[in-house]
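Below are the chains, spelled out letter by letter.
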Amino acid sequence: MNVITCAPCDGAETYRVRADGWFVCPAGHELAPADVDLDGMTTWAVDATGTLGSVVYPAYSLELIAEALDDLAESGNRSAHDAAYSACLDYVAAYRCGVA
Ligand SMILES: [Zn+2]
């Protein structure tokens, strides 16, 4: 999981989830779930400590793993192995945050 830091705190603080589902940094800056701005194939997630971060969509990670394994079977290329491994780590990170 890549931790999302608080922009008003110049990235020095992280957000934690509140009981109402919003996020708050130690300085009191609030962030609504709808305002978490991510691009690409990522979504926000909260880890076991309640810290806000982002993870790659598991379905996308599985797609990358399949492509990398096909590439590995065809080329035996080391970069395909690395791509598959990296996508596996992304998948596990999302799983640990309960993103399915
Ligand atoms: Zn802050």
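Each chain carries its own residue numbering, running from 1 in the written order of its sequence. Reporting of local features is limited, given that this is a predicted model, to residues whose pLDDT is at least 70; pairs of side-chain atoms are given and counted only at 80 or more, and all residues count toward the totals for whole chains, interfaces and linings.

Turning our attention to the overall build of the chain. Only runs of H or I of at least four residues qualify as helices and only runs of E of at least two qualify as strands under DSSP, and these elements are numbered from the N terminus. The number of helices and strands found in the chain is two helices and six strands. Listing every helix and strand of the chain by position from the N terminus yields β-β-β-β-β-β-α-α. All radius of gyration figures rest on C-alpha atoms, and the globule criterion is 2.2 Å times the number of residues raised to 0.38. What you see for the chain is a C-alpha radius of gyration of 16 Å, clearly larger than the 13 Å of a compact globule of 100 residues, by over 25%. The C-alpha extent of the chain, read off along each of the three principal axes, is 55 × 25 × 20 Å. We call a residue exposed when 12 or fewer other C-beta atoms sit within 10 Å of its C-beta, buried when the count reaches 20 or more, and partly exposed for counts in between; the C-beta positions come from the backbone. In the chain, which comprises 100 residues, the proportion classed as buried is 18%. By definition, residue pairs are in contact when their C-beta atoms, positioned from the backbone, come within 7 Å. Here the contacts in the chain between residues at least 6 apart in sequence split such that 42% fall between residues at least 24 apart.

With that settled, the discussion passes to helix α2 (residues 78-96). With 19 residues, α2 should cover 27 Å at 1.5 Å per step; its first-to-last C-alpha distance of 27 Å lies within 8% of that length. Turning to α2, the residues buried within the fold contact β5 (42-46), β6 (52-56) and α1 (58-75). Remark: glycine 98 follows α2 within two positions and exhibits a positive phi of approximately 80°. Each residue after the first adds 1.5 Å to the expected span of a helix.

As a further point, take α1. The end-to-end C-alpha separation of α1 is 25 Å, in line with the 26 Å expected for 18 residues at 1.5 Å each. Once α1 ends, the next one or two residues include glycine 76, with phi positive near 65°.

Turning our eyes to something else, we now look at the domain arrangement of the chain. If you check the domain split of the chain, you get domain 1 (1-55) and domain 2 (57-100). Residue ranges assigned to each domain were obtained from an automatic or database domain assignment. The C-alpha centroid of domain 2 is placed 25 Å from the C-alpha centroid of domain 1. Between domain 1 and domain 2, the contact holds eight residues from the first and eight residues from the second. The element best represented in the side of domain 1 that touches domain 2 is β5, accounting for four residues. Taken together, the residues that form the side of domain 1 that touches domain 2 break down as five nonpolar, two polar and one charged. Note on residue categories: nonpolar means Ala, Val, Leu, Ile, Met, Phe, Trp, Tyr, Cys or Pro, charged means Asp, Glu, Lys or Arg, and polar means any other residue, Gly included.

With that settled, consider the packing of α1 against α2. To define axes, lines are fitted to C-alpha atoms, for helices over the stretch in contact only, and angles between the resulting N-to-C directions are given on a 0 to 180 degree scale. Contact geometry of α1 with α2 gives a least axis separation of 8 Å together with a crossing angle of 160°. By the criterion of interaxial angle, the relationship of α1 to α2 is roughly antiparallel. Seen from above, α1 lies across α2 with left-handed handedness. Across from Pro58, Ser61, Leu62, Leu64, Ile65, Ala68, Leu69, Asp71, Leu72 and Ser75 in α1, the residues of α2 making contact are Ala80, His81, Ala83, Ala84, Ala87, Cys88, Asp90, Tyr91, Ala94 and Tyr95. Put simply, angles under 35 degrees are roughly parallel, angles over 145 are roughly antiparallel, angles from 65 to 115 are roughly perpendicular, and the rest are oblique. Crossings are assigned a handedness: left-handed for a near helix turned anticlockwise from the far helix by less than a right angle, right-handed for a clockwise turn.

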